[in-house]
Amino acid sequence: MASKKAHKDRNMRDLRIGSNIAIMRKVLLDPILFGTILLVLAIVTMFIVFPIANILKESFIYKGAISLHHYTEIFRLSYNKEIILNTFKLGITVSILSTIIGFGFAYASAYVKVKYKKLMNAIAILPIISPPFVISLSAILLFGRVGLISKGLFGIQNANIYGFRGLVLVQVLTFFPVAFLVMVGLLQQIDPSVEEAARDLGASRWKVFTTITVPLMAPGIANAGLLVFIQSVADFGNPMVIGGNFTTMAVQIYMQGIGSLDMSGATALAILLLLVSVSAFIVQKFYLGKKSYITVTGKVSRQRELIEEKNIVQPLSFLILLTSSFVGLMYILIPIGAFVKIWGVNNTFTLDHFKYVISIGIKPIVDTTSLALIATPITGILSMVIAFLLIRRKFIGKAYLDFTTMLSIAIPGTVVGLGYVLTYNKAPLILTGTGTILIIAFVMRSMPVGIRSGMASLQQIDPSIEEAASVLGASSKKVFTSITLPMIKPAFFSGLVYAFSRSMTLVSTIIFLVSAKYSLLTVTTMSQIDQGRIGVASVYSTILIVIVGSIILLMKFALSKMGVSADEIEL
Amino acid sequence: MKKGIIIKNLTKIFLINNNSKIVAVDNVNLEVEPGEFVTLLGPSGCGKTTLLRMVAGFETLTDGEIYIGEENVASLTPDKRDTAMVFQNYALFPHMNVYDNIAYGLKIQKVSKPEIKRRVQKILDLMKMNDFSNRVPSQMSGGQQQRVSLARALVMEPGVLLFDEPLSNLDAKLRIHMREEIRKIQKEVGITSLYVTHDQSEAMGLSDKIVIMKDGVIQQIGSPREVYQKPENAFVAAFIGKANTISGTVLAKDGKTYTIDIDGKPHVISSKKEYEVGREVEMIIRPESIIVGKEGYHTEVVKSIFMGENHEYEVRWKGQVLQISEPNPYSKRTYEVGEEMSIDFDETALHMI
Ligand SMILES: Nc1ncnc2c1ncn2[C@@H]1O[C@H](COP(=O)(O)OP(=O)(O)OP(=O)(O)O)[C@@H](O)[C@H]1O
Ligand SMILES: [Mg+2]
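1. Brief notes about the overall build of chain A
When helices and strands are tallied, chain A shows 25 helices and six strands. The buried share of chain A, taken over its 571 residues, is 51%. Of the contacts formed within chain A by residues at least 6 apart in sequence, a portion of 78% connects residues at least 24 apart. As presented, chain A carries roughly 26100 Å² of accessible surface, and 67% of it is formed by carbon and sulfur atoms.

2. Considerations on the site of ligand 1
For ligand 1, the set of nearby residues contains 13 residues, the closest of which are Ser44(B), Gly45(B), Lys48(B), Thr49(B) and Thr50(B). One finds residues of chains A and B in close proximity to ligand 1. At a separation of 2.7 Å, an oxygen atom of ligand 1 approaches a polar backbone atom of Gly45(B). Those elements that provide at least two residues to the shell around ligand 1 are strand 2 (20–32) and helix 1 (48–56) of chain B. Counting residues per element, the shell around ligand 1 draws most heavily on helix 1 of chain B, at three residues. Partitioning the shell around ligand 1 into residue classes produces four nonpolar, six polar and three charged.

3. Some thoughts on the sheet that holds strand 13 (residues 265–270) of chain B
Residues and elements named next belong to chain B. In space, the five strands of this open sheet follow the order 13-12-11-14-19, with antiparallel pairing throughout. One side of each edge strand has no neighbouring strand; the edge strands of this open sheet are strand 13 and strand 19 (351–352). With six bridges joining them, strand 12 (residues 257–262) and strand 13 adopt antiparallel strand pairing. Within strand 13, the residue paired with Tyr258 across the bridge is Ile269.

4. Examining the domain arrangement of chain B
Residues and elements named next belong to chain B. For chain B, the assigned domains are domain 1 (5–238) and domain 2 (244–352). The interface is formed by seven residues belonging to domain 1 together with five residues belonging to domain 2. Across the interface of domain 1 and domain 2, roughly 640 Å² is buried in total on both sides, 41% from carbon and sulfur atoms. Applying the counting criterion to the domain 1 and domain 2 interface returns four residue pairs in polar contact (both at pLDDT 80 or more). In terms of residues, the side of domain 1 that touches domain 2 owes the most to one element, helix 7 (residues 224–229), which gives three residues. Residues of the side of domain 1 that touches domain 2, tallied by class, amount to four nonpolar, one polar and two charged.

5. Observations concerning the environment of Tyr424(A)
All names here are of chain A. In this structure, Tyr424 sits in the loop between helix 19 (413–423) and strand 5 (425–426). Residue Tyr424 is classed as buried on the basis of its relative accessible area, which comes to 3%. Distance in space between the C-alpha atoms of Tyr424 and Phe47 is 9.9 Å, their sequence separation being 377 residues. Apart from the residues lying within four places of it in its own chain, the contact partners of Tyr424 are Met46, Phe47, Phe50, Pro51, Leu429, Ile430, Leu431, Thr432 and Ile437.

6. Thoughts on the sheet that holds strand 1 (residues 5–16) of chain B
Backbone-to-backbone hydrogen bonds pair the strands of a sheet. The strands run either parallel or antiparallel. All names here are of chain B. Read across the open sheet, the four strands follow the order 2-1-4-5; overall the sheet is antiparallel. Each edge of the sheet is formed by a strand with only one pairing partner; in this case those strands are strand 2 and strand 5 (71–72). Examined bridge by bridge, strand 4 (residues 63–68) and strand 5 share two bridges and lie antiparallel to one another. Note on strand 5: the bridge partner recorded for Tyr67 is Asn72. Along the sheet face, helix 1 touches strand 1, strand 2 and strand 4 and points at about 115° away from the line of strand 1.

7. A word on the packing of helix 2 (residues 31–59) of chain A against helix 13 (residues 263–288) of chain A
Residues and elements named next belong to chain A. Axis separation between helix 2 and helix 13 bottoms out at 8 Å; the angle between their running directions is 120°. In terms of axis orientation, helix 2 runs oblique to helix 13. Once helix 2 is placed against helix 13, the crossing between them reads as left-handed. From helix 2, Ile52, Ile55, Leu56, Glu58 and Ser59 reach across to helix 13, where they touch Ser264, Thr267, Ala268, Ala270, Ile271 and Leu274. Here the residues of the contact of helix 2 with helix 13 sort into seven nonpolar, three polar and one charged.

8. A word on unusual backbone geometry
Residues and elements named next belong to chain B. Phi at Asn9 is positive, roughly 45°, even though this residue is not glycine. Mapped onto the elements of the fold, Asn9 is located in strand 1. Positioned with a positive phi, Lys128 is a non-glycine residue whose angle comes to about 55°. Mapped onto the secondary structure, Lys128 falls in the loop between helix 3 (113–126) and helix 4 (142–154).

9. A closer look at a nonpolar patch on the surface
Judged by side-chain polarity, Phe88(A), Ile92(A), Ile96(A), Leu97(A) and Ile100(A) come together as a nonpolar surface patch covering roughly 440 Å² of accessible area. Summarising the element assignment, Ile92(A) is placed in helix 4 (residues 78–111).

10. Observations concerning the confidence of the model for chain B
For chain B, mean pLDDT is 92; residues scoring 70 or higher make up 100% of the total. Across the predicted assembly, pTM comes out at 0.84 and ipTM at 0.85.

11. Points about the pattern of salt bridges
Pairs can form between side chains of opposite charge whenever their charged atoms are close. Tallied over the full model, the rule gives 25 salt bridges over all chains. As a salt-bridge pair, Arg205(A) and Glu309(A) come within 2.9 Å of each other at their nearest N and O atoms. Of this pair, Arg205(A) sits in helix 10 (residues 205–234) while Glu309(A) sits in the loop between helix 14 (294–297) and helix 15 (310–337), placing them 104 residues apart in sequence. Here Arg205(A) falls in the partly exposed class, since its relative accessible area comes to 32%. Residue Glu309(A) is classed as partly exposed on the basis of its relative accessible area of 30%. Salt bridges linked by common partners bring Glu196(A), Glu305(A), Arg53(B) and Glu59(B) together as one network.

12. Regarding the interface of chain B and chain A
By convention, interface size is frequently given as the accessible area that disappears when the constituent parts associate. Taken together, the contact pairs 25 residues of chain B with 25 residues of chain A. Carbon and sulfur atoms supply 62% of the area that chain B and chain A bury against each other, a total of about 2100 Å² over both sides. When residues of chain B are sorted by the area they lose upon contact with chain A, Asp79(B), Pro94(B) and His95(B) head the list and together hold 27% of the total. For the interface between chain B and chain A, the tally reads three salt bridges. Two residues, Asp79(B) and Arg199(A), come together in a salt bridge whose shortest N-O distance is 3.0 Å. Viewed at the interface, chain A and chain B are joined by eight residue pairs in polar contact (both at pLDDT 80 or more). Those elements that provide at least two residues to the side of chain B that touches chain A are helix 1, strand 6 (83–86) and helix 2 (98–108) of chain B.

Conventions used here
- Residues numbered from 1 in each chain as written.
- Chains lettered and ligands numbered in written order.
- Predicted model: local features only at pLDDT ≥ 70, side-chain atom pairs only at ≥ 80, totals over all residues.
- Heavy atoms only, no water.
- Helix = DSSP H or I, 4+ residues; strand = E, 2+ residues; numbered from the N terminus.
- Buried < 20%, exposed > 50% of the residue type's maximum accessible area, 1.4 Å probe, protein only.
- Contact = heavy atoms within 4.5 Å.
- Areas by Shrake-Rupley, 256 points an atom, 1.4 Å probe, with all protein chains shown as cover.
- Near = heavy atom within 4 Å.
- Polar contact = N/O pair within 3.5 Å; in protein donor to acceptor, adjacent residues only side chain to side chain.
- Nonpolar A, V, L, I, M, F, W, Y, C, P; charged D, E, K, R; others polar.
- Pairing = 2+ DSSP bridges.
- Domains from an automatic or database assignment.
- Buried area = accessible area lost by both parts, 1.4 Å probe.
- Axes fitted to C-alpha atoms, helices over the stretch in contact; angles between N-to-C directions.
- Parallel < 35°, antiparallel > 145°, perpendicular 65-115°, else oblique.
- Left-handed = near helix turned anticlockwise from the far one by under 90°.
- Patch = residues over 30% accessible without salt bridge, like charges linked within 9 Å, V, L, I, M, F, W, Y side chains within 5 Å.
- Salt bridge = Lys/Arg side-chain N within 4 Å of Asp/Glu carboxyl O.
- pLDDT = per-residue confidence, 0-100.

Next up, the structure:
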């Protein structure tokens, strides 16, 4: 028996080796495919894996020898311990609050006859097209020392928005849309008849909610919570602007690495932050991803009867309107702030801030836009090529490519920034200070999401169409450009839109990489806030949002001319 | 406690985009006796589901009244009505095992734990599902899930049991098996049932009474035998089985017995309805009620198919095509296409509409 099994195993192994050889041969026979795979693997290795590996290596080296010094240092200094604690405290609080608000929005959107669905969706898109610290800026305008609400409405002198509470406010307002979008999709997939069955068996609406809807959504709720947690701990812009004395790990990595020029001291903290967000991501992806009840209930049999009872609709509508208008107000304040002399002190109309911005030069505006415009098509094409390879081709190194590009979604921007500085500031490849490294950062930060959405749309295309083309004698390149690319056009173009807005608004990674030669809008804005020039910062933010908004509209317009309908392009 | 249902002048209008409207249920009147098994039968979109969902409380009434037992339920939400529903897609709670699914309604009613256990056990025995009590829905086949769904409804001992095409997601063989199972259990428990289907053989096999609907309007209410043998109109006749419509003239009338001239030959037919002498009438005759080989009318065979249990013909007669089904073909002569066939109509099976 045993020998028979061994024999069988050996046969299986031979088969596997055989098939590996077959794959190799197939790949080698197609030089373009082979070259593309090599190139992609090299890019991923150089700009995702290698920088992280470098941080890891540095974190274990102290004075030229292998040592745990940097790690023991973290846990020795109470200051550092506090920072770690802060990060968790913030992440957990924001995650819980955002999930609750996001669930309220999602439930209202999917279950209740409320009027404001368009408004809700619009609010959910705002964080994507604006820099990550915008809400912090308007929080200062509203609740700062001379804030509209704090001083103007309540007459509080020296109100302090800086710190934990202010940070929670702005992060919740920034991240609850993420939770909302995740959960609304899942709620729409619950089969209404399951809830009707419960109702029919005597459960009140509230009982149905607590015993059916919420338990069915539990994995989705946890999922949304973890996603927000990951974003909260990785957030750099908001804690930097409004954190005050409340420092988080993401900020401290920058402060220590760039501010105190103690790169290797920052590495251990970076590794720790990386561990936190990557493990949260792994739980979210591999544990919760599989534990969904919603797939079990199967196809939605009929449309849901939306709840129309006034005692549910009215309070919920009111809360949503309140929250949405508050978020809306925060965004509207920015352009207003740009035209006010000294916010809260001298509220007269002025163009001074604009004049100032023009006098010190529009260089950041030009630099940012042109670099982002270069990065955008690169990101778009690279994402689609990688998505195509991952879905449609077999090759050695595929699992590696899949794993690294997916995991890189969860790598905090500051960690990447630190990694790039560590890796590319010495020979053979000195890239820091160049435009190249900025473009690379733009590409690598927006590519992972592009790859995933490309993969999702490719999975919906029947491979037999592509096979038919290659049977007819088309090469790999030909199949990709003539068959696959046209079919994933919508995903490709929404990838472009995403890549552009993401590049324009990026802060965390590039703040490590900017130099005198290139100045970027987000970084300039942050330093203006830092120097207390709120008006100027508002001008920069306004310009940034206007550029992103108009380029998106322009892209949509150009694409509709090319036959891709605007509805197909989503953010 | 089994209860009856009384539906009076029930209408449901759906407004679509505030301008166009659909009359899904149109002035329906229906009585279901306590313990009776009534089936709503009709083509897709005729309003069966809408009617059922109004009884359950999932749709509001545009007009009319619904009584369950003595109670006017129009203003009651579904949880306050003494109904339990079995859904087409089972609608089991995916996060609960079979036991908890069945116990759900009892828990909501705050029935004591030992009592819940006793009643769930009883139902599991009745459904022969004892081995399944720890399984979750995703670990069961469609047929098993539908049994759980039925058990979950039965355990509530509701006044009225509602079914919306419970078997349509199952394969043909299982469907017949489950049909018999449902009938057996319904008889055993004696529960009032309102059952929606668009499968006529299901309706025939299950019902005490069949309600045939079309475009929201009831066409006929009657026992399976009545709707088959005495259809009210051509739609009912064609919807339940196959039917030939032929025409004739009333020659004479003697009480409820009529003499009808069909193509020059008199036939004696009884009917409850009133027809004047000299009037042209339409009659229904089922394919199996046309007698093959008996001297009566001359026809030409245009189609001839051996189906095993019967032999099916189509014959041309007087410019129309008649469908004929001859049972037990083994001992009989077969006609080929193009041959002449003489036929006659079984007078007891001729039905005037
Ligand atoms: N919620 C709704 N809104 C608008 N129209 C509806 C709604 N529900 C049903 N209808 C319409 O009412 C009519 C009757 O629908 P119903 O579902 O009752 O048909 P049915 O007899 O159950 O059909 P089927 O056999 O296909 O299930 C159809 O024309 C349908 O389109
Ligand atoms: Mg239906």
